[in-house]
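Fold and geometry: a report
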Amino acid sequence: MTDKISKEPAAAPSGSTPSGLPYEAIKAIPVRHYGRWVSAVVVVVLLGWLVYAFSQGDVVWATVWDKVFDPSVIDGMWNTIIISISAMALGLVLGIVFAVMRLSKNPVTGAVAWLYIWFFRGTPVYVQLLVWFNLSLIFHYINLGPIYKNETVDVMTPFMVALLGLGLNEGAYMAEIVRAGIQSVDEGQTEAAHALGMSSTKTMGRIVLPQAMRVIVPPTGNEFINMLKTSSLVSAVQYTELLRASSNIGNTAGAVMEMLFVASIWYLALTSVFSVGQYYLERRFARGSTRNLPATPFQRVKKNLTTFKRSPEAKA
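Presented here is an overview of the structure given in this document. (Residues numbered from 1 in each chain as written. Predicted model: local features only at pLDDT ≥ 70, side-chain atom pairs only at ≥ 80, totals over all residues. Heavy atoms only, no water.)

A short note on the pattern of salt bridges
Here is the rule we go by: A side-chain nitrogen of Lys or Arg and a carboxyl oxygen of Asp or Glu constitute a salt bridge if their distance falls within 4 Å. Three labels apply to residues, based on accessible area from a 1.4 Å probe with only protein chains included: buried if under 20% of the type maximum, exposed if over 50%, partly exposed otherwise in between. Put simply, DSSP H or I for four residues or longer makes a helix, DSSP E for two residues or longer makes a strand, and each gets a number counted from the N terminus.
A complete count under the given rule lists four salt bridges for this structure. The partner of K67 in a salt bridge is D70, and the shortest N-O contact between them spans 3.9 Å. For D70, a relative accessible area of 16% gives the class buried. For E176, the salt bridge identified is with R179, shortest N-O distance 2.9 Å. Here the residue E176 and the residue R179 both occupy positions in helix α7 (residues 158–184), the gap between them amounting to three residues, near one helical turn.

Right, dumping it as structure tokens:
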């Protein structure tokens with residue numbers, strides 16, 4: 001009996017087809033996007049027209065640059081930061097408290113939390129500021145018994161009015177944000193914590209809230225950025241923040257429009273700085289939810305710059 005010898009075709013050399021012929025190089029021709037060029041030109045033309053229109057307006061731009069670092073403006077800028085951070089801290093604390101009350105199984109606390117959110121979200125913050133500013137028309141004295149007693153006019157200073165007006169209003173929005181973050185955590189986490197013998201308070205503080213921060217942080221950052229701009233409303237209650245300080249100089253020096261531009265420059269600077277902080281804070285809390293963290297702005301710039309370099313394959 002003779003053995004059968006199987007004849008298999010030899011493997012094709014690297015860089016060639018199975019038939020032995022070399023691969024043909026693919027010539028990739030990029031698609032031309034004429035619409036992109038047209039839209040870019042239109043946008044640049046409109047932007048240039050807008051800049052030209054402002055440059056030809058009746059605005060003394062030298063006054064704008066001279067007053068940017070005016071001491072009164074700088075003081076108003078710091079007051080804006082102080083009232084924004086203070087009101088946001090108060091709103092965050094109230095938001096956590098009323099969010100927990102809203103989710104409570106107690107119908108009384110749930111109803112009170114719903115009423116608070118309904119009222120402060122349903123009325124303009126400007127109206128709330130005016131109500132606090134004129135509170136002495138309703139209550140002539142603030143009497144807390146043996147703890148504290150004083151005239152309402154002395155208690156409701158411009159800072160206190162601004163703090164209560166902005167903080168209580170922000171607390172209503174933060175309550176909904178925190179509630180959404182808490183509800184985003186799987187209920188199995190709470191059940192597992194209770195099975196281990198943890199109380200409801202400890203479960204909320206150590207299990208639920210840390211995981212909910214990933215959902216809470218982004219809208220909270222947006223709320224703080226909005227708070228920086230909303231703080232300009234407290235100028236109506238005699239609190240000297242950035243807008244009021246700029247307006248005082250503008251009314252005195254006859255440079256109303258110029259000082260409004262000064263205030264706008266500082267608002268843009270503040271929102272830009274805190275937006276960067278918000279980005280890195282969101283990136284930190286995203287560590288447990290994403291395998292690869294998003295690139296930072298500096299990393300993206302570095303990557304875009306390195307794309308201009310030819311790869312070793314291209315040089316070969």
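Observations regarding the side chain of T80
The cut-off we apply is this: What makes two residues a contact is simply this: any of their non-hydrogen atoms within 4.5 Å.
Position of T80 relative to the elements: it lies in helix α3 (residues 71–103). Contact partners of T80, with chain neighbours within four places excluded, come to L228, S231, E241, L242, Y267 and L270.

Thoughts on the nonpolar core
The following threshold applies: Take the buried Ala, Val, Leu, Ile, Met, Phe, Trp, Tyr and Cys residues and link them wherever side-chain atoms come within 4.5 Å; each set so joined is a nonpolar core.
Formed by 28 residues in total, the largest nonpolar core has its most connected members in V73, M77, V178, L242, V262 and W266. Looking at this core, the element that brings in the most residues is helix α11 (residues 256–285), giving seven residues. When sequence neighbours within four positions are dropped, the list of residues in contact with V73 reads K67, V68, L242, S246, I249, M259, V262 and W266. Among the nonpolar cores identified, the runner-up in size contains 25 residues, and F98, V161, L164 and L168 belong to it.

What about the environment of E170?
Looking at the secondary structure, you find E170 in helix α7. Taking the relative accessible area as the measure of exposure, E170 reaches 4% and is therefore buried. Sequence-wise, E170 and R121 are 49 residues apart; in three dimensions their C-alpha atoms are separated by 8.6 Å. Beyond its immediate stretch of four places on either side in the chain, E170 contacts M88, G91, E223 and M227.

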